[in-house]
Amino acid sequence: PLPWPPPPMMTQAAFLRIEMERTIVLETPWRPIMEAQWHSVAETLGRIHATARNCGAQLLLVLIPDVIQVDGHLQRLVQDRLAPPRELDLDRPQATLKAFCRERRIVVMDLLPAFRRAARDGPLYMSNDTHWGPRGQRLAAALVAQRLREIFDDPRTRTSTCFVCHSAHLFVPSPHAPVIIRRAH
């Protein structure tokens, strides 16, 4: 049997370097490179939304929080190492994406609030890793499954197909998105 929990994927120093690099999306105001990245993401999401509509499907954009948005201890470690110090808005990626979706009537699901609540009872991410551990996986699966049931059961939706696209790594669209889910008849 494999050891559980598994050993960390990387050293804490390497993990902190990654998380420090990712803070660029949390900075206020954004640097020009982030503005350009956001426009690219918005264009991609617009195309995915149009494809879903043309197929008669509902798009569900699932916003996946980065570990730094959930873990207060990690936030302090990273903030203490940022040079020069920067103002970070931990809710900015989700707020930006939710506003974009609201304007375009895209169904969006933000996992951040539920992850923050659940993190009070223990870690949701692997040690020194950006990936979910078993608790995080179970929580995300339960939340997304519930939302899909709501979409499929809503008579206003009138769809049996849902494109599920997730935005992870703070604005870097997943190469695995969208996933097409069909309701069993």
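This one's a predicted model, so the numbers in the text were calculated from it and none came from an experiment. (Residues numbered from 1 in each chain as written. Predicted model: local features only at pLDDT ≥ 70, side-chain atom pairs only at ≥ 80, totals over all residues. Heavy atoms only, no water.)

Thoughts on the overall build of the protein chain
For clarity, the cut-off: Numbering of helices and strands runs from the N terminus; a helix is a DSSP stretch of H or I covering at least four residues, while a strand is a stretch of E covering at least two. Think of it in three bands: with a 1.4 Å probe and only protein chains considered, a residue is buried below 20% of the maximum accessible area for its type, exposed above 50%, and partly exposed in between. In this analysis, two residues are considered to be in contact whenever any of their non-hydrogen atoms come within 4.5 Å of each other. The accessible surface values rely on the Shrake-Rupley method and a 1.4 Å probe; as for residues, cover is taken only from the protein chains in view.
Within the protein chain one finds seven helices and five strands. Counting from the amino terminus, the protein chain carries its helices and strands in the arrangement α-α-β-α-α-α-β-α-α-β-β-β. A total of 185 residues make up the protein chain; the buried ones form 42% of that total. Put simply, of all contacts in the protein chain between residues at least 6 apart along the chain, 70% involve residues at least 24 apart. Surface summary for the protein chain: the accessible area is close to 10,700 Å², and the carbon and sulfur share equals 56%.

Things to note about the confidence of the model for the protein chain
Just so we agree on the cut-off: Summary of the metric used: pLDDT quantifies the predictor's per-residue confidence within the range 0 to 100.
Across the protein chain, the average pLDDT comes to 86, with 84% of residues at or above 70. Mean pLDDT in the protein chain bottoms out at strand 4 (residues 172-173), which sits at 48, and peaks at helix 6 (residues 112-119), which reaches 98. pLDDT under 50 marks residues 172-176. Its contacts with residues more than four places away, or in other chains, come to two contacts.

A word on unusual backbone geometry
Look at the link from Thr28 to Pro29: it is a cis peptide, with omega at -5°. You can see Pro29 is positioned in the loop between helix 1 (12-22) and helix 2 (32-54). The amide bond that connects Ala83 to the next residue, Pro84, takes the cis arrangement and shows omega of -5°. Along the chain, Pro84 turns up in the loop between helix 4 (72-81) and helix 5 (92-104). The backbone of Arg105 shows a phi angle near 60°, a positive value even though the residue is not glycine. Within the secondary structure, Arg105 sits in the loop between helix 5 and strand 2 (107-110). The phi angle at Asn128 is positive, at roughly 50°, despite the residue not being glycine.

What about the packing of helix 2 against helix 5?
This is how the line gets drawn: Only C-alpha atoms enter the line fits that serve as axes; for helices the fit covers just the stretch in contact. Angles between N-to-C directions range over 0 to 180 degrees. Any angle from 65 to 115 degrees is called roughly perpendicular, while one under 35 is roughly parallel, one over 145 is roughly antiparallel, and all others are oblique. Note on convention: near helix rotated counterclockwise from far helix by under a right angle means a left-handed crossing. Clockwise means right-handed. For this classification, the nonpolar set comprises Ala, Val, Leu, Ile, Met, Phe, Trp, Tyr, Cys and Pro, the charged set comprises Asp, Glu, Lys and Arg, and every other residue, Gly included, is treated as polar.
Two elements in contact, helix 2 and helix 5, have axes separated by 12 Å at closest approach and are oriented at 40°. One finds that helix 2 runs oblique with respect to helix 5. The two elements helix 2 and helix 5 cross, and the hand of that crossing is right-handed. Two secondary-structure elements touch here, helix 2 through Trp38, Val41, Ala42, Leu45, Gly46 and His49 and helix 5 through Thr96, Leu97, Phe100 and Arg104. Across the contact of helix 2 with helix 5, the residue classes tally to six nonpolar, three polar and one charged.

A look at the nonpolar core
Let me state the cut-off plainly: The nonpolar core is taken to be a set of buried Ala, Val, Leu, Ile, Met, Phe, Trp, Tyr and Cys residues, with the residues joined through side-chain atoms within 4.5 Å.
Counting 47 residues, the largest nonpolar core has Leu60 and Phe115 as its most contacted members. If one sorts the elements of this core by residue count, helix 2 sits on top with seven residues.

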